[in-house]
Amino acid sequence: MEQDPECTAERELLEAASTIAAFSITAPPDEEQSQPKAEISCELSKENPGRDDLRDSKASLSPNSSMTTKELQEYWRNEKSQCRQVKLLFEIPSTRIVEHHLSKYVMYKIIILQTGSFDSNKSVIERRYSDFEKLHRNLLEDFSEEMEDVTFPKKALTGNFTDEIISERKLAFKDYLRLLYSMKFIRRSKKFIDFLTKPELQEAYGCLRGGQYNKALEILLEVIRLQERLTRGNPVAIVPTLCAIVVCHKDLGNAASAFEYGEKALSYLCMRNSHKYYIPLLEAMITLAYELGKDFLSLQEKLEEWKAKKDPVRVFSLKELAVREYVK
């Protein structure tokens, strides 16, 4: 498996942090206006970002940034840690046959493990043949060259439920997922990540909209662990899930836990204050900080600073934004 170019950039990241920190402190306002805007991206390689379909991965740092030196250093520490690729292993240990009124199909149990050490936080999901088939079609649309030599188990006209066919497919799908994950552009693609997380997220958000916060939280906490492993190079992608967790904890009266996950989400958005979740999250964090007796004035200052730069617009609350995710 090839090594991601980002993993060789530790020195560049640290140097960039020092340079930006010094600039943010020493550069006078009139000089800032004459300088070109510096665009900083976690994607240090020359890859085509469009192929990853990760629009939020483009991060820009304005010379007018109000971040402190400590905040900048913390940001770059997070960026550097995100560049270390997590290697995952896919296993399909078992299956089950599901029968409804007019349909019958096999569900494949997929276990996703982190390699290199004992993984106590393994992820477990279930997918059927048609889910794999849809994934294959979707990937062929965007990655025809990479998928050229990838074989997909064909559907048999008869005998789909025999032990022999099911065992063959278990092995075939395991090898299929491992091969897809070995290809950098594919493992980072939204379509591959959606295959592994979207059904569970749809269920979780459905529970959230229905006021079943405990059930929604249970699912979201399972999904977020897998999302974090799949999106190490683009942590902004998991902000909606983190914010949904904040909403669940808040409505369940767990202010401390809500604040903890909110801090994590906010740290990913510190350089992306145009993100749709930034202001709703900031407002929720101010309320939580006040309730917990924490420093809310610094958060309030960030909010006022944003409002001073933007025209007044209707901003959804964090909960209003969350319940709009994955609406069919």
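Calculation notes
- One numbering rule holds for all chains: residues counted from 1, following each sequence as written.
- Reporting in this predicted model follows two pLDDT cut-offs: at least 70 for local features of residues, and 80 or more for side-chain atom pairs to be given and counted; totals over whole chains, interfaces and linings ignore these cut-offs and use all residues.
- Computation of side-chain values: all heavy atoms of the structure, hydrogens and water removed.
- pLDDT is a residue-level measure of predictor confidence that goes from 0 to 100.
- For helices the rule is a DSSP run of H or I covering at least 4 residues; for strands it is a run of E covering at least 2, with both sets numbered from the N terminus onward.
- Whether two residues are in contact is decided by their heavy atoms, any of which lying within 4.5 Å being enough.
- Residue count minus one, scaled by 1.5 Å, sets the expected span of a helix.
- Partly exposed describes any residue whose relative accessible area lies between the buried limit of under 20% and the exposed limit of over 50%, with all areas from a 1.4 Å probe on protein chains only and scaled to the type maximum.
- Working definition of a nonpolar core: buried Ala, Val, Leu, Ile, Met, Phe, Trp, Tyr and Cys residues. They are joined through side-chain atoms within 4.5 Å.
- Polar contact criterion, stated in full: a pair of N or O atoms within 3.5 Å, where within protein one must be able to donate a hydrogen and the other to accept it, and residues adjacent in sequence count only if both atoms are side-chain atoms.
- Angles here are taken between N-to-C directions and fall from 0 to 180 degrees, while the axes themselves are lines fitted to C-alpha atoms, restricted in helices to the stretch in contact.
- Small angles under 35 degrees read as roughly parallel and large ones over 145 as roughly antiparallel, with 65 to 115 read as roughly perpendicular and the rest as oblique.
- Crossing handedness is read from the near helix: turned anticlockwise from the far helix by less than a right angle, it gives a left-handed crossing, and turned clockwise, a right-handed one.
- Charged means Asp, Glu, Lys or Arg here, nonpolar means Ala, Val, Leu, Ile, Met, Phe, Trp, Tyr, Cys or Pro, and polar covers whatever is left, Gly included.
- For two strands to pair, DSSP has to find at least two bridges joining them.
- A pairing counts as a salt bridge when a side-chain nitrogen of Lys or Arg comes within 4 Å of a carboxyl oxygen of Asp or Glu.

A.B. asks: Would you mind going over the confidence of the model for the chain with me for this structure?
C.D. replies: For residues with low pLDDT, the predicted coordinates do not support detailed interpretation. Overall, the prediction assigns the chain a mean pLDDT of 81, with 72% of residues at 70 or greater. The lowest-confidence element of the chain is helix α2 (residues 29-34), averaging 40 in pLDDT; the highest-confidence one is helix α9 (residues 239-251), averaging 98. Counting contacts from residues 1-14, a segment whose pLDDT is below 50, to residues more than four positions away or on other chains yields 31 contacts.

A.B. asks: Explain helix α10 (residues 255-268) to me, please; I cannot follow it from the model alone.
C.D. replies: Turn by turn, an α-helix covers 3.6 residues, leaving residues three or four places apart pointing in a common direction. Taking 1.5 Å per residue, 14 residues should reach 20 Å; α10 reaches 20 Å between its end C-alpha atoms and fits that length. Of the residues making up α10, those classed as buried are A255, A258, F259, G262, A265, L266 and Y268.

A.B. asks: Sorry if this is basic, but what is going on with the nonpolar core here?
C.D. replies: By size, the foremost hydrophobic cluster in this structure holds 45 residues, and its most contacted members are L281 and L318. Mapped onto this core, the elements with two or more residues apiece are α7 (190-209), α8 (213-230), α9, α10, α11 (278-292), α12 (297-309) and α13 (318-322). It is α11 that contributes the most residues to this core, nine residues altogether.

A.B. asks: Is there a simple way to explain the side chain of T197 in this structure?
C.D. replies: The residue T197 is located in helix α7 in this model. At 2.8 Å, the side chain of T197 and the backbone oxygen of I193 are in polar contact. Setting aside residues up to four positions removed in sequence, T197 forms contacts with R127, V223, L226, Q227 and L230.

A.B. asks: Help me understand the packing of α7 against α9, please; the structure alone is not making it clear to me.
C.D. replies: When two helices pack together, you describe them by how their axes are tilted relative to each other and by the distance separating the axes. One can describe the packing of α7 onto α9 by two numbers: an axis separation of 11 Å at closest approach and a directional angle of 30°. Classified by the angle between their axes, α7 and α9 sit roughly parallel to one another. Crossing of α7 over α9 shows left-handed handedness. Between α7 and α9, the contacting residues are L201, Y205 and L208 on the first element and P240, T241, A244, V247 and C248 on the second. When its residues are assigned to classes, the contact of α7 with α9 shows seven nonpolar, one polar and no charged.

A.B. asks: Hey, could you run me through unusual backbone geometry in this one?
C.D. replies: Trans is the common state for peptide bonds, and a negative phi is the common state for residues other than glycine. The backbone of Y326 shows a phi angle near 55°, a positive value even though the residue is not glycine. As for its position among the elements, Y326 is in the segment after α13. Taking relative accessible area as the criterion, Y326 reaches 26% and is therefore assigned partly exposed.

A.B. asks: Which parts of the structure should I look at to understand the sheet that holds strand β3 (residues 123-128)?
C.D. replies: To summarise the sheet geometry, strands pair through backbone hydrogen bonds and adopt either a parallel or an antiparallel arrangement. The three strands lie next to each other as β1-β2-β3, forming an open sheet whose pairing is antiparallel. Each edge of the open sheet is held by one strand with a lone partner, namely β1 (88-99) and β3. When strand polarity is set aside, the average angle formed by the axes of neighbouring strands in this sheet is 25°. As judged from the six bridges shared by strand β2 (residues 104-114) and β3, these two strands associate in the antiparallel manner. Looking across to β3, one finds that I112 is bridged to S123. Across the face of the sheet, α7 comes into contact with β1, β2 and β3 while running at roughly 95° to β3. Sitting on the sheet, α8 touches β1, β2 and β3, and the angle it makes with β2 is about 60°.

A.B. asks: What exactly am I supposed to notice about the packing of α10 against α11 here?
C.D. replies: Contact pair α10 / α11: the axes reach a minimum separation of 10 Å and the direction vectors enclose 140°. For α10 against α11, the interelement crossing comes out left-handed. Listed contacts from α11 to A255, A256, A258, F259, G262, E263, A265 and L266 of α10 are Y278, L281, L282, M285, L288, A289, E291 and L292. Partitioning the contact of α10 with α11 into residue classes produces 13 nonpolar, one polar and two charged.

A.B. asks: Please explain the pairing of β2 as it appears in this structure.
C.D. replies: Consecutive side chains along a regular strand alternate between the two faces of the sheet. Direction of pairing for β1 relative to β2: antiparallel, over a ladder of ten bridges. Note on β2: the bridge partner recorded for L88 is Q114. Connecting the antiparallel pair β1 and β2 is a turn made up of four residues.

A.B. asks: Hey, could you run me through the side chain of R187 in this one?
C.D. replies: Mapped onto the fold, R187 is located in helix α6 (residues 184-187). Overall, R187 belongs to the buried group, its relative accessible area being 4%. A polar atom in the side chain of R187 sits 3.1 Å from the backbone oxygen of Y181.

A.B. asks: What is the right way to read the pattern of salt bridges from this model?
C.D. replies: Side chains that differ in sign of charge can pair as their charged atoms come close. Inspection of every chain in the model, using the stated rule, returns eleven salt bridges. Linking R96 and E126 is a salt bridge whose minimum nitrogen-to-oxygen distance equals 2.8 Å. One end of the pair, R96, is in strand β1; the other, E126, is in strand β3, with 30 residues separating them in the sequence. What makes R96 partly exposed here is its relative accessible area of 42%. Residue class for E126 comes out partly exposed when judged on its relative accessible area of 27%. Between E222 and R225 there is a salt bridge, and its shortest N-O distance comes to 3.0 Å. Of this pair, E222 and R225 both sit in helix α8, three residues apart, roughly one helical turn. A relative accessible area of 41% means that E222 is categorised as partly exposed. By relative accessible area, R225 is classed as partly exposed at 26%.

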